[in-house]
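# Observations on the three-dimensional arrangement
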Number of protein chains: 2
Amino acid sequence: MFSSLKRFLIGRPLKSEELGEQKLSKTKALAILSSDALSSVAYGPEQILIVLVTISAAAFWYSIPIAVAVLVLLVALILSYRQIIYAYPHGGGAYVVSKENLGKNPGLIAGGSLLVDYILTVAVSVSAGTDAITSAFPVLHEHNVLIACVLVTFITILNLRGITESASILAYPVYLFVLALFILIGVGLFKIITGQVSPELHSPIGTPVAGISLFLLLRAFASGSSALTGVEAISNAIPNFKEPRPRNAARTLMAMGLLLAMLFTGIVFLAYYYGIVPKETETVVSQIAANTFGRNFMYFFIQGTTAMILVLAANTGYSAFPQLAYNLAKDKYVARMFTMRGDRLGYSNGIIFLGITSILLIILFKGQTEQLIPLYAVGVFIPFTLSQTGMLVKWIREKPAGWGLKLTINFVGAFISFLVMMTFFITKFAQVWPVLIFLPILVFIFHKIKKHYDSVGEQLRVYNQEPVLPVEGNVIIVPVAGITHVVENTLNYAKSLSVDQIFAVYVSFDREDEKRFEEKWKNWQPDIRLVTLHSYYRSVIQPLTKFIDTVEHKARESNYRVTVLIPQFIPKKNWHNVLHNQSSILIRTYLLYKRNVIVSTVPFHLKK
Amino acid sequence: MFSSLKRFLIGRPLKSEELGEQKLSKTKALAILSSDALSSVAYGPEQILIVLVTISAAAFWYSIPIAVAVLVLLVALILSYRQIIYAYPHGGGAYVVSKENLGKNPGLIAGGSLLVDYILTVAVSVSAGTDAITSAFPVLHEHNVLIACVLVTFITILNLRGITESASILAYPVYLFVLALFILIGVGLFKIITGQVSPELHSPIGTPVAGISLFLLLRAFASGSSALTGVEAISNAIPNFKEPRPRNAARTLMAMGLLLAMLFTGIVFLAYYYGIVPKETETVVSQIAANTFGRNFMYFFIQGTTAMILVLAANTGYSAFPQLAYNLAKDKYVARMFTMRGDRLGYSNGIIFLGITSILLIILFKGQTEQLIPLYAVGVFIPFTLSQTGMLVKWIREKPAGWGLKLTINFVGAFISFLVMMTFFITKFAQVWPVLIFLPILVFIFHKIKKHYDSVGEQLRVYNQEPVLPVEGNVIIVPVAGITHVVENTLNYAKSLSVDQIFAVYVSFDREDEKRFEEKWKNWQPDIRLVTLHSYYRSVIQPLTKFIDTVEHKARESNYRVTVLIPQFIPKKNWHNVLHNQSSILIRTYLLYKRNVIVSTVPFHLKK
């Protein structure tokens, strides 16, 4: 029943050879990997205005030079990541680049930072999308958390079905959003050019503003560059592209950069020209759309696609997180289960882990994850800075043809990223300090895990250690609960193994029963030695373990092995198990983990 | 850690021999077993008035003859149960009496009815008590459900500590409640006798009332007899008494009957004399107390002890449910786990089950369990009727000395109980119909369980079946995941068992890896046959099972046994398990339940 539900939700399992067919074309990749970056134009420009409005509406013209600075940063990042794609055609992004060029710890900082960031991406963007939906349908507002959790579950299932399938479904909303914004910007510009918009609405560029400071401008710049989160996703996901991977990935990246630049510039400019003031109750994009079209169909089209892209921004996390977790797991810094491909060839453990943790975050913050945004932004610029610096080091070390230009590009990228990161720390320390706590903890855990795997590998390796000693003999212990066919079956099996000694052990709770049992046993199995143990506290496991310890202690001296054979009858139907004491499972688990004995279950399958 | 928390909550485990010391003295038994019955005087009289008020306040004098009828019923029940106690000194109550005299199904109806009823007792009385508490402290009102659940948990833990211990703690509130009501009734009567209460407040007995009907009077009577729920508890719990059990139980029963009769009569009389009208917002007992004392210390003392006894009424369920479940489990009608004594010698599975189910009921009904009261009352009178009828049959069959009187007593008991039960069905069908659904379902389940246990017993019995065939030979299959010490350890063990054939099975996900592994194996373990299986779907379990099936099929023909040895390394620390694929557990469980093979885990304990 469970497995047919699974089939229904995620589809039939795919053969390993079908992996190639699961690769992404450029159009699909753009849709699936750029939703995070593109969706941020829905809130990035607004973030700039929110900072500037603290001075006065006259300061709004600064949004233009700030937008130019953000564009410079964008160009630098896109070019830098393009270089990374060609330099690391197997993918990797910040983690691999930092690790290989700067060393283990910078790599782990970048990796850990991104891992947490993708979880935040999912939680934050789905919450934001849910807010957009419930703003349109206020009756749903009280169910915000539930709706967000359902959406995350939906996206998780979609991703478990496999990336091509999710790409096919998700491509429409992404392209619709791009289309909607292009229409908005186009019509807006047309109205401005044809003079339908009063040029009185905004203060001209260059108007002197009292009280403006470098600090404030930097802060506005940092806020605006939160629109750039998500540009690293493509470089992480190169293995998902069709061949030739690096070229396809690089082109997709350029396309995304271009779209992002155009949309961002357009929105910033329209907001400035319309003289739009950020409001608590209405987003800047909504105001621009209302000014351009009035509240007609186009307005709702723009609002609807915006809500969708906010939810889908989560999907970028679903492509990047499992791949990053795989890279970390391959290097043994996280649990090995993240390296395994599921039925549909995705790294399903990573997908499920991401789904669960982001649902937990949403529940924990009761759907109000906006507080996490600064944390999330700073978590992006740490790996940006590290990977650009890594590339810098790489060029200096390797000095390939034309390395001067490459160096310059990455230097600019690294420098601006560092600047943005520091600006976050300086201007928003109250919100971003947790990064300074959890990143070191995360890195510590990575090292702990690595150390454990290394130590296990060392202990298991055959060639560099003395071989395991051969076994000299065997002792079998059979706990018996009565005189039944189950026990008989187990004893017959024990006899067939021709071991040195078989003990049947009976734990009794009262003395009379003990005597009666010994009598019966003598008649039934006279050739097998019965040991009766008295339990004062009605526990089977305690006296049994004590006995096993005694036997095991003696056996170890002569390199004998102790095997505990547990007789167990298996009912025909699963629900029957509820009716039988599951003490054998308890005994088995306890002995296996706590004692050095072989634990064997001898099943007796009931026929009725 | 878990076990020290358990120690802290329920105390050190007791030896089986200490069972005698856990028995109840009469005073403690009265406290622990009568809280349900005694607490019902807090609402029983009110139920009568609520029915009468639908006619007019003039009809209130009928509460006196109705109370007399309830008292007659009470006397009949007490005398009947006294006879049951002596006739069934090992305890049993309605289930045993009905089963032995009327047959299996009437017994199961009585037993099932009571089982459900005890769960309802706990849910209803704790909810009522919580309401009383939060009426006093309105800020707590929104946490009603939480408080009720905490109270149930508290009572559950108290009962897991053992009955004497809970009796010692619970005796005070019960006796304080009795004391409080005696003072109330005494002072009330004193005031009436000394003429301090106006005799104008009530209509005299015999006043003709328009619109009164037999139906209405029967309904009032049925409502009033809900005050008698809980009188059967003592006859169920005879095994908990000190020796001589039947005499002590009978005396406790008489004492309880006497107390109940006195309190009930007193409250009904005072309510009548004061002319008290039932109100939505204030209970009848509260009105009597306010009229008698004004709102001074005594008033709050009475209200406080009433709230406490309402919560503690739940405790009667905790004594009776596990005992009844034990009786049903002994007869194989419910799961055997209910027969086991826990660390503190109580039937802890029954106690825990009762706690969990009643918490679920409270959560399900959001703490508003009043709707369940009629269901609960009718669920008491079904077993009352059945057990009295059973006694009737017993006397007619056995005809002991003085059976005429015994017969009369039980006849009166059976007749009135039947009358009350029918009155419930006729006058409150809308609330009590679910009984007619769930009782047959429950009885069906009881039979299903019994049938299963009987069939298992039949299949396991040694003497009346052909013996299990001896084992002719053994085949061992070792799934291997690599060339490691864990595998080496397992292979050494396998070799030491002198079996006929050992297969090492390697499941590979890609062809190259397969070849490489075969090469390595040839050098490492040339004398053990390696079988490589290719998995298209990255599943280990499927190809492995297919191979095992082939081997097992051939082995069965010649009565060979197949043993699957699973190599498993056991990390030193528990948290390390998260880092390793737990596929061995999955394989073990799957093979054990789905295939007829012996599953053995060979541990390799890591040292670091």
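Look up: the structure comes first, before these words.
Below is a short write-up of the structure. (Residues numbered from 1 in each chain as written. Chains lettered and ligands numbered in written order. Predicted model: local features only at pLDDT ≥ 70, side-chain atom pairs only at ≥ 80, totals over all residues. Heavy atoms only, no water.)

## So, the environment of arginine 245 of chain A
All names here are of chain A.
- You can see arginine 245 is positioned in helix 11 (residues 245-274).
- A sequence separation of 249 residues divides arginine 245 from alanine 494, and the C-alpha atoms of the two residues are 59 Å apart.
- When sequence neighbours within four positions are dropped, the list of residues in contact with arginine 245 reads His90, Ile238 and Pro239. (Helix = DSSP H or I, 4+ residues; strand = E, 2+ residues; numbered from the N terminus. Contact = heavy atoms within 4.5 Å.)

## Section: the nonpolar core
- Ranked by internal contacts, the top residues of the largest apolar core, which has 152 residues, are Val126, Val231, Ile288, Ile302 and Leu328 of chain A.
- If we skip the residues at most four places from it in the chain, leucine 328 of chain A touches Tyr95, Leu108, Leu115, Tyr333, Val334 and Phe446 of chain A.
- Core analysis: the second largest hydrophobic core is formed by 146 residues, Ile84, Cys149, Ala180 and Leu184 of chain B among them. (Core = buried A, V, L, I, M, F, W, Y, C linked by side-chain atoms within 4.5 Å. Buried < 20%, exposed > 50% of the residue type's maximum accessible area, 1.4 Å probe, protein only.)

## Re empty space enclosed by the protein
Residues and elements named next belong to chain A.
- Tallying each qualifying case throughout the model produces 7 cavities of 30 Å³ or more.
- Its volume calculated, the largest cavity comes out at about 240 Å³.
- Looking at the largest cavity, it is lined by 18 residues, and the ones nearest its centre are Ile163, Asn240, Arg341, Leu345 and Gly346. (1 Å grid on protein atoms, 1.4 Å probe; cavity = no way out; pocket = protein on both sides within 12 Å on 5 of 7 lines; lining within 4 Å. Points joined across faces, edges and corners; volume = space filled by probe spheres on them.)

## A short note on the interface of chain A and chain B
- Counting residues at the interface gives 84 residues for chain A, matched by 85 residues for chain B.
- Both sides of the chain A and chain B interface together cover about 7100 Å² of buried area, and 56% of this is carbon and sulfur.
- Interface area lost by chain A to chain B is led by His485, Arg538 and Tyr593 of chain A, which between them contribute 10%.
- Seen at the junction of chain A and chain B, the total is 0 salt bridges.
- Our enumeration of links across chain A and chain B arrives at 29 residue pairs in polar contact (both at pLDDT 80 or more).
- The set of elements that each furnish at least two residues to the side of chain A that touches chain B consists of helix 18 (434-460), helix 19 (485-496), strand 4 (560-570), helix 22 (583-594) and strand 5 (598-605) of chain A.
- Across the side of chain A that touches chain B, the residue classes break down as 41 nonpolar, 26 polar and 17 charged.
- Two strands pair when backbone bridges link them, and strand 5 of chain A and strand 5 (residues 598-605) of chain B are joined in this way by 3 bridges, in the antiparallel orientation. The residue bridging serine 600 of chain A from the neighbouring strand is serine 600 of chain B, located in strand 5 of chain B. (Buried area = accessible area lost by both parts, 1.4 Å probe. Salt bridge = Lys/Arg side-chain N within 4 Å of Asp/Glu carboxyl O. Polar contact = N/O pair within 3.5 Å; in protein donor to acceptor, adjacent residues only side chain to side chain. Nonpolar A, V, L, I, M, F, W, Y, C, P; charged D, E, K, R; others polar. Pairing = 2+ DSSP bridges.)

## Let's talk about the packing of aromatic side chains
- One pass over the structure, following the stated rule, counts 30 aromatic pairs over all chains.
- Residues tyrosine 326 of chain A and tyrosine 347 of chain A carry aromatic rings whose centres are separated by 4.7 Å and whose planes lie at 20 degrees to one another, so their mutual orientation is stacked. With tyrosine 326 of chain A in helix 13 (residues 297-330) and tyrosine 347 of chain A in the loop between helix 13 and helix 14 (348-364), this residue pair connects regions lying 21 residues apart in the sequence. Grouping residues by exposure puts tyrosine 326 of chain A and tyrosine 347 of chain A together as buried.
- Ring plane angle 25 degrees and centroid distance 4.0 Å describe the contact between tryptophan 61 of chain B and tyrosine 62 of chain B, whose orientation is recorded as stacked.
- Judged by relative accessible area, which is 15%, tyrosine 62 of chain B ranks as buried.
- Members of the aromatic cluster, each reached through a chain of ring pairs, are Tyr81, Phe381, Phe384 and Phe424 of chain A. (Phe/Tyr/Trp six-rings, centres within 6.5 Å; stacked < 30°, edge-to-face > 60°.)

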